[in-house]
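Structural description and commentary
Next come the chains, spelled out residue by residue.
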Amino acid sequence: MPLIKETKFDKLTIRIYSDRSAAGCAAAADGAATLGRLLKKKERVNAIFAAAPSQNETLAALAAAPDIDWQRVRAFHMDEYVGFSRTHPQSFGRYLDEHIFGLVPFGEVYYLDADRDDAVERYTRLLKENPPDIVFLGIGENAHIAFNDPWVADFSDPAAVKKVPLDETCRTQQVHDGCFPTLDDVPTHAYTLTIPALVSAQTLICTVPAKTKAEAVYNTATKPVVADYPATIMRCHPDAVMYCDADSGRLLLD
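All of the points below concern the structure found in this document. Every value quoted in this text rests on a predicted model; they were computed, and no experiment measured them.

Points about the overall build of the protein chain
From N to C terminus, the protein chain includes seven helices and eleven strands. At 17 Å, the protein chain has a C-alpha radius of gyration in line with the 18 Å of a compact globule built from 254 residues. Projected onto the principal axes, the alpha-carbon positions of the protein chain cover approximately 50 × 45 × 35 Å. Counting across all 254 residues of the protein chain, residues that qualify as buried make up 54%. Counting contacts in the protein chain only where the partners sit at least 6 residues apart, residues at least 24 apart contribute 77% of the total. Entry remark: accessible area of the protein chain is about 10,500 Å², with carbon and sulfur atoms responsible for 49%. Of note, the protein chain has its 26 positive side-chain charges centred 6 Å away from the centre of its 35 negative side-chain charges.

Encoded structure:
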């Protein structure tokens, strides 16, 4: 694959590829290899998936990967708009159904059913019963991971799942991504897995393409490891790799 540059910031490896397809395919190949290794050690593997256009190429390549015993993998998703059912046209559950959950024969799929009154309690229990092994994620334009935006991110959060407000910067990204036609259409609150819940996994596979993410990638690599830049927490993780394209990684190229 056309790798342009590989670099490291603290424990976080960043690989920059020529285009988003190459970055996504590389992330999927490494993710598939990790799933294979985990399945040799464990009877069941727990995987968390992000839902965003940035994940399109990774999920497509992962779904096509050979020799993964998907029936021994439990799938989770990491965030959802409050009040959205999995059948809502713009729900993250529906996105994941279309891009991965409905394409391979997972043993179980656990949705963060955000139209349930007990959404937080239920998903907290499920995560406690099934601690995550691998997370497929991205980062936001404000360096958020999941919906842990700078104003709500907490590296020591005691919760595994929580309800959070979404500010204009975060909501505008959903318009940039083509998920909603206007800012007024974007919900104001969501449920999210917290940072401790995400980074508790053994492996983080983070795919971050597009020029709109260039500043977020640069800040993740170079800013202090603080909650003002939530994705910087990956620099403390023992097995985290970020897969960028030439657009998102341009500020880290010589």
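Description of helix 7 (residues 214-222)
Within helix 7, burial applies to Ala-214, Ala-216, Val-217, Asn-219, Thr-220 and Ala-221. Buried residues in helix 7 make contact with strand 1 (3-9), strand 2 (12-17), strand 10 (203-208) and strand 11 (240-244).

Digging into the layout of surface pockets
Approximately 330 Å³ is the volume attributed to the largest pocket. Every residue lining the largest pocket is counted, 26 residues in all, and those nearest its centre are Ala-52, Ser-54, Gln-173, Asp-177 and Lys-213. Residue composition of the lining of the largest pocket, grouped by class: twelve nonpolar, nine polar and five charged.

Structural notes on the sheet that holds strand 5 (residues 79-81)
The antiparallel open sheet is built from three strands, whose spatial order is 5-9-8. Bordering the open sheet on either side are strand 5 and strand 8 (161-165), each of which pairs with just one other strand. Each strand axis lies, on average, 25 degrees off the axis of its neighbour in the sheet, ignoring direction. Pairing between strand 5 and strand 9 (residues 189-193): three bridges, direction antiparallel. Within strand 9, the position partnered with Glu-80 by the bridge is Tyr-191. In the packing of helix 4 (residues 119-129) onto the sheet, contacts are made with strand 8 and strand 9, and the angle to strand 8 comes to roughly 140 degrees.

Conventions used here
Residues numbered from 1 in each chain as written. Predicted model: local features only at pLDDT ≥ 70, side-chain atom pairs only at ≥ 80, totals over all residues. Heavy atoms only, no water. Helix = DSSP H or I, 4+ residues; strand = E, 2+ residues; numbered from the N terminus. Rg over C-alpha atoms; globule rule 2.2 N^0.38 Å. Buried < 20%, exposed > 50% of the residue type's maximum accessible area, 1.4 Å probe, protein only. Contact = heavy atoms within 4.5 Å. Areas by Shrake-Rupley, 256 points an atom, 1.4 Å probe, with all protein chains shown as cover. Lys, Arg positive; Asp, Glu negative; His and termini not counted. Charge placed at Lys NZ, Arg CZ, Asp CG, Glu CD. 1 Å grid on protein atoms, 1.4 Å probe; cavity = no way out; pocket = protein on both sides within 12 Å on 5 of 7 lines; lining within 4 Å. Points joined across faces, edges and corners; volume = space filled by probe spheres on them. Nonpolar A, V, L, I, M, F, W, Y, C, P; charged D, E, K, R; others polar. Pairing = 2+ DSSP bridges. Axes fitted to C-alpha atoms, helices over the stretch in contact; angles between N-to-C directions.

Functional significance is not addressed by these values, which are geometric in nature.
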